[in-house]
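# Analysis of the macromolecular model
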Amino acid sequence: TNSGRIVVATGDTIATNSEIENSGIVEVTGTLNADLKNATGSTATLNGGTISKNVNNAGSMTGRGTISGSLTNSGKADIGGRTGAVSNSGTLSTSGNLNVTSLRNTGKGKVVIDEANQLTSGTEVDNQAELHVYGKLNTSLKNTKTAITFLKGGTITGGVQNEGWIGGNGTIEGTVENLGT
């Protein structure tokens, strides 16, 4: 449990088999070899570092780096770099390019791909909530009945299966199957 400050410096590794429950500040420029539970009101910063296990974020996560495990986000994450499977019910935005194994956006989730940024997913993005594309989504998109996708000058490189709402101004390079609005 951390209610203070943990700093993992460049070249350093902190490893534990226990989950780190953070209610303070965690800064990673080296390697954190542990699961991280970032509580509401807490801060985790990736400064080019690596978290080699899973992250459950209910607080604030910023920066660029690598999350080797999965990311479950119910807080606010403004990140770039690379992560495993992402399940988002909070706010996820790109801070530089972001590569994910998969992305599922649910509940009151909001995903924002910022202008000049790319979000690349190894599988089709499953959007059940809100998606804003200012930059580029490098994959196909499944927009469910409850989903809203705003093209804000951005590009979706794959196909789109739409059962919800999609609108705005942008480019869809793949085929569009529209069963919604």
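Whatever comes next refers back to the structure up there.
So, a few notes on the structure that sits alongside this text.

Rules used in this analysis
- Residues numbered from 1 in each chain as written.
- Predicted model: local features only at pLDDT ≥ 70, side-chain atom pairs only at ≥ 80, totals over all residues.
- Heavy atoms only, no water.
- Helix = DSSP H or I, 4+ residues; strand = E, 2+ residues; numbered from the N terminus.
- Rg over C-alpha atoms; globule rule 2.2 N^0.38 Å.
- Contact = heavy atoms within 4.5 Å.
- Areas by Shrake-Rupley, 256 points an atom, 1.4 Å probe, with all protein chains shown as cover.
- Lys, Arg positive; Asp, Glu negative; His and termini not counted.
- Charge placed at Lys NZ, Arg CZ, Asp CG, Glu CD.
- Pairing = 2+ DSSP bridges.
- Buried < 20%, exposed > 50% of the residue type's maximum accessible area, 1.4 Å probe, protein only.
- Phe/Tyr/Trp six-rings, centres within 6.5 Å; stacked < 30°, edge-to-face > 60°.
- Lys NZ or Arg CZ within 6 Å of the ring centre and 35° of its normal.

### Digging into the overall build of the protein
Helix and strand counts for the protein come out as zero helices and 24 strands. For 181 residues, the compact-globule estimate of 2.2 N^0.38 gives 16 Å, and the C-alpha radius of gyration of the protein, at 17 Å, lies within 12% of that figure. The principal-axis extent of the C-alpha atoms belonging to the protein is close to 50 × 25 × 20 Å. Considering only contacts in the protein between residues 6 or more positions apart, those separated by 24 or more positions represent 3%. When the accessible surface of the protein is summed, it comes to about 8,000 Å², and 44% of that surface belongs to carbon and sulfur atoms. Measuring between centres, the 13 positive side-chain charges of the protein sit 3 Å from its 14 negative side-chain charges.

### Digging into the pairing of strand β11 (residues 76-83)
Alignment of strand β9 (residues 60-67) against β11, held across eight bridges, turns out to be parallel. Its bridge partner lying in β11, T66 is registered against R82. Judged from the seven bridges that link them, β11 and strand β13 (residues 91-100) form a sheet pairing that is parallel. Bridge pairing links I79 to T94 in β13.

### With respect to unusual backbone geometry
Positive phi values are uncommon outside glycine, yet A116 reaches one of about 70°. Relative to the elements of secondary structure, A116 occurs in the loop between β15 (110-113) and β16 (118-121). Residue A116 is classed as exposed on the basis of its relative accessible area of 73%.

### Description of the packing of aromatic side chains
This model, assessed by the stated rule, comprises one aromatic pair. Against the face of F150 rests K152, its NZ or CZ located 5.2 Å from the ring centre.

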